[in-house]
Amino acid sequence: MSANPFDQPLNDETADQERELLDATAKILSIPTSSLEYCTLSVDETLRKLETNGTTGLPTVAEASRRKLTYGPNEIEIEEDESLWKKFLSSFVEDRLILLLIGSAVVSFFMGNIDDAISITLAIFIVVSVGFIQEYRSEKSLEALNKLVPAECHLIRCGQESHVLASNLVPGDLVHFRIGDRIPADLRIIEAVDLSIDESNLTGECEPVHKSSQAINKESFNDQPNSIIPISDRTSIAYMGTLVKEGHGKGIVVGTGKNTSFGAVFDMMSNIEKPKTPLQLSMDKLGKDLSLFSFGVIGLICFVGILQGRSWLEMFQISVSLAVAAIPEGLPIIVTVTLALGVLRMAKRKAIVRRLPSVETLGSVNVICSDKTGTLTSNHMTASKIWCLGSMDNKSNVLSLDKGKNSNLKNYLTDDVRETLIIGNMCNNASFSAEHGNYLGNPTDIALLEQLPKFNMKDIRHTVKKVQEIPFNSKRKFMATKVVNPDGVYTLYVKGAFEKMLGHCSHYLNEKGKNEKLTATQRETIIEAANALASEGLRTLAFAKQLLPDSPTLLTEDSIDDLIFTGLIGMNDPPRTTVKPAIEQLLQGGVHVIMITGDSENTAVNIARQIGIPVIDPKLSVLSGDRLNEMTEDQLANVIDHVNIFARATPEHKLNIVKALRKRGDVVAMTGDGVNDAPALKLADIGVSMGRMGTDVAKEASDMVLTDDDFSTILTAIEEGKGIFNNIQNFLTFQLSTSIAALSLIALSTAFKLPNPLNAMQILWINILMDGPPAQSLGVEPVDHEVMKRPPRKRSDKILTSSVLKRLVGTATCIILGTVYIFVKEMAEDGVVTARDTTMTFTCFVFFDMFNALACRHNTKSIFEVGFFVNKMFNLAVGLSLLGQMCAIYIPFFQSVFKTESLSLGDLLFLLLISSSVFIFDEIRKYWIRRNDTDDALYYSIV
Ligand SMILES: Nc1ncnc2c1ncn2[C@@H]1O[C@H](COP(=O)(O)OP(=O)(O)OP(=O)(O)O)[C@@H](O)[C@H]1O
Ligand SMILES: [Ca+2]
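Note that the structure is predicted; figures quoted are calculated from it, not measured. (Residues numbered from 1 in each chain as written. Chains lettered and ligands numbered in written order. Predicted model: local features only at pLDDT ≥ 70, side-chain atom pairs only at ≥ 80, totals over all residues. Heavy atoms only, no water.)

1. A word on the site of ligand 1
Stated formally: Here, proximity means that at least one heavy atom of the residue falls within 4 Å of the molecule or strand. Think of a polar contact as two N or O atoms within 3.5 Å of one another; within protein, one of them needs to be a possible hydrogen donor and the other a possible acceptor, and neighboring residues in sequence only count if both atoms come from side chains. Areas reported as accessible are Shrake-Rupley estimates using a 1.4 Å probe. Residue values count occlusion only from the protein chains shown. Helix numbers and strand numbers start at the N terminus; a helix is a DSSP run of H or I with at least 4 residues, a strand a run of E with at least 2. All residues other than Ala, Val, Leu, Ile, Met, Phe, Trp, Tyr, Cys, Pro, Asp, Glu, Lys and Arg, Gly among them, are scored as polar; the first ten of these are nonpolar and the last four charged. In this document the domain limits rely on a domain assignment from an automatic tool or a database.
Ligand 1 sits among 22 residues. The nearest are D371, K372, R539, T597 and K654. Between K477 and ligand 1, the recorded distance is 3.1 Å, taken from a side-chain N or O atom to an oxygen atom. At 2.9 Å from an oxygen atom of ligand 1 is found a side-chain nitrogen or oxygen belonging to D599. Relative to its unbound accessible area of 620 Å², ligand 1 is 96% covered by the protein chains. When contributions to the shell around ligand 1 are tallied by element, the ones reaching two or more residues are α14 (372-376), α17 (443-451), β16 (490-497) and β19 (539-548). The class makeup of the residues in the shell around ligand 1 is four nonpolar, nine polar and nine charged. Built from parts of two domains, the shell around ligand 1 gets at least three residues from each of domain 3 (361-378 + 576-709) and domain 4 (382-572).

Here it is, written out as structure tokens:
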């Protein structure tokens, strides 16, 4: 186990890619930016130079607006690098098959087949346009994804503190940041408490960098090239986009938007193509395999055709069009568009996917690990009970604070209660925002400040001087502040988890304000009282203090000892209302739900029971951090099956639990909001963070952000994920069956020495239907809510399962038989192939295709059950396709292009009758599957 879970390398592959990138970034970062200048200036010099104030920020709003005009908003824009036209034109030459088609048009032209030349040119234009529009859409929707989570920050301007969008910042602004925040601009740090910042996304250095307000001595970097201080040595600068891993501080904005180091690298990053998702990769591979196969078949057809003495130009045209049609070149694009549209749909349902591959993984999740505070509960703390040893002496005697906002509890203010409240006040970093009319900061801290008025007490932090702070973090589980009173007396105030604190307490404060030695029985009483509070689901904090001789020595974590215990406060943080039903549904769908919390065992068990996480026997189902420390990874993997709750977990424990689960082959989703969740969020197959109350660090580490902070949104996301996967399977069935049918049709007619049933133009039209709108519309089929009742898909499961293949071959056979029947029947009537014959065959194939598309809208459910009107885009696409087909048959211009002629209404009806067979057969198949309810019905293997 590594001491610092943040610096564990998470993935070797990405590490390699990152390294490459970083070499390039290093170059860019050596270009001077404002941070280079300001890191060597003192705090005062910085303030003077930027004409701002270190406590109140910029003096006037007007000044801020003026600067915004000069420097622009604090945003990094991506510039469009190529014009649309250029992109469109280049797509003609990028595809080799299209080039071949153009070649064949040119050849036709010179051979005097002007008709053909025009038709093929037109077809090429349509094929390329449809492809281009789809690709453009996919790009646009991917771009839209990047804008979904805007950055925010704590700004102090004209003495007012507020929470604003980071884009509002201008140079000279004063900002406040704390553990878990993302730095909103390049800042010159003017105040730092135990501050370390993770700059790995800028420098690649995993170890967080310790930062302070100390100016850098320029002289010591004279040996560097151009005497430039390396970016990682500017320790008085906090860079935009980096993450606060420890402590808190204040800084003055010195660079915004493009004038930041992040802005400089971002420009470069935006030109780098995103890695493809596993699904996209496997689609690419499938596409390649199919191409190879099709080329083989087409080559054979062409060869046999020429041997039979057919016109080589005709064979060439047919082959190339067949290649265009049979090769599902649109497949990867449709997959991307489907993923991207799905992701946008999820965004509307409040789940923002930050990494596309997660969508595929969502359907396979079989374990959800969730942190408690802030995820299952809302992290809106209210101090609800207070207990002090002196005034209340046994555990059942507690002072309840939930008596309404205006209640007066002054009469209960014994000395130990007062001191406990004072510690809660002193050992506190929340601040009041006049603009918002409430406190900003850590919810625990806020809850403590909100109690003061009930006792007629005031925030007295301004009356003392804070000299040192050991900030709270999840590993330490306490916070300490050292202050000096006006009379020169130093006092240490400590608050934190009671297990951590009690060991360091030697005395307690009695109700009269006297220190007394703690006896063993009294310790027991404190533990009992703490457990009693926790068993009610309250988050329990202990409070203690110590008078220090006026020693200037710096306090360390280990030197804290010999404290005076004053009391306990139980905080209420009820579960979110939507959590319980969500967990119920998850359990029903075969997903194992585990709570991992930094809170105590009793609190965790109480909350778990409230939200329906099964805790049958607390001895077996609950594991605490201490016991986790003693276990090896294998032991952990063994017990994890029956453990539902991990309590008093550190960030490292959270990470190890996820690791152990993944090692067993589970597909793990981890949900969390805090800095303590970040490493686990990153390691999980899907990290899910809370968008509103969650920290930036957690959001940064996660794959998905829930914008409404609602745990149950995960259900929606999983549902969409499963739905998207089904849709991809469906349009794959559609595309491949059409492709196989077209290919086989030409192959058969060649083999049996029949004339070609479809000409080149017709094949290209079919290609547009198959690769274009109808296929795409299958990708946006609304989710069937029943997917949630099915078990998760296995990670290793292929997208083309054997049942998909069976269905595909069956459908293709049906289409081939029907079309061949029409062709042979029409031909037999007059013995020669006329325009009417091919028109009939062509129309028959197109009708088949449309019925096939209809059947492919669902893999197991009857369309009558799914409903004909739920997928509007599908109806539109099919409607337009049919309209197009009618144009091809009845409009003279297109008749000459497609070499068709008008059909009678009777003909059309007859064709509809024949082609509906593919739909009817598939309905029968669905009925049969559902009646037998075989594994096939699930389409997936059971986990
Ligand atoms: N601001 C704070 N100051 C001092 N102690 C705190 C503070 N916040 C929390 N604690 C104590 O530390 C404990 C653990 O907190 P931690 O952040 O590790 O997890 P958590 O937020 O309680 O739970 P979860 O991991 O479910 O979010 C809390 O139970 C509480 O006793
Ligand atoms: Ca949390």
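From this point on, the discussion continues.
2. Overview of the packing of aromatic side chains
The cut-off we apply is this: The pairing test for Phe, Tyr and Trp rings, Trp by its six-membered ring, is centres within 6.5 Å, and the orientation test on the planes gives stacked under 30 degrees, edge-to-face over 60, and tilted for anything in between. Using a 1.4 Å probe on the protein chains alone, a residue whose accessible area is under 20% of its type maximum counts as buried, one over 50% counts as exposed, and one in between counts as partly exposed.
One pass over the structure, following the stated rule, counts nine aromatic pairs. A ring pair is formed by W85 and F88, whose centres lie 5.9 Å apart and whose planes are at 80°; its orientation type is edge-to-face. In this pair, W85 and F88 both sit in helix α5 (residues 84-94), three residues apart, roughly one turn of the helix. On the basis of relative accessibility, which here comes to 63%, the residue W85 falls in the exposed class. With 5.9 Å between their ring centres and 20° between their planes, F842 and F898 make a pair best called stacked.

3. Description of the side chain of D198
Defined as follows: Residue contacts follow a heavy-atom distance rule, with two residues in contact if any of their heavy atoms lie within 4.5 Å.
If you trace the backbone, D198 turns up in strand β4 (residues 186-198). For D198, the side chain forms a polar contact with the side chain of S200, separated by 2.7 Å. When near neighbours in sequence (up to four residues on either side) are disregarded, D198 contacts E205, C206, P208, T242, L243 and K245.

These values are about where atoms sit, not about what they do.
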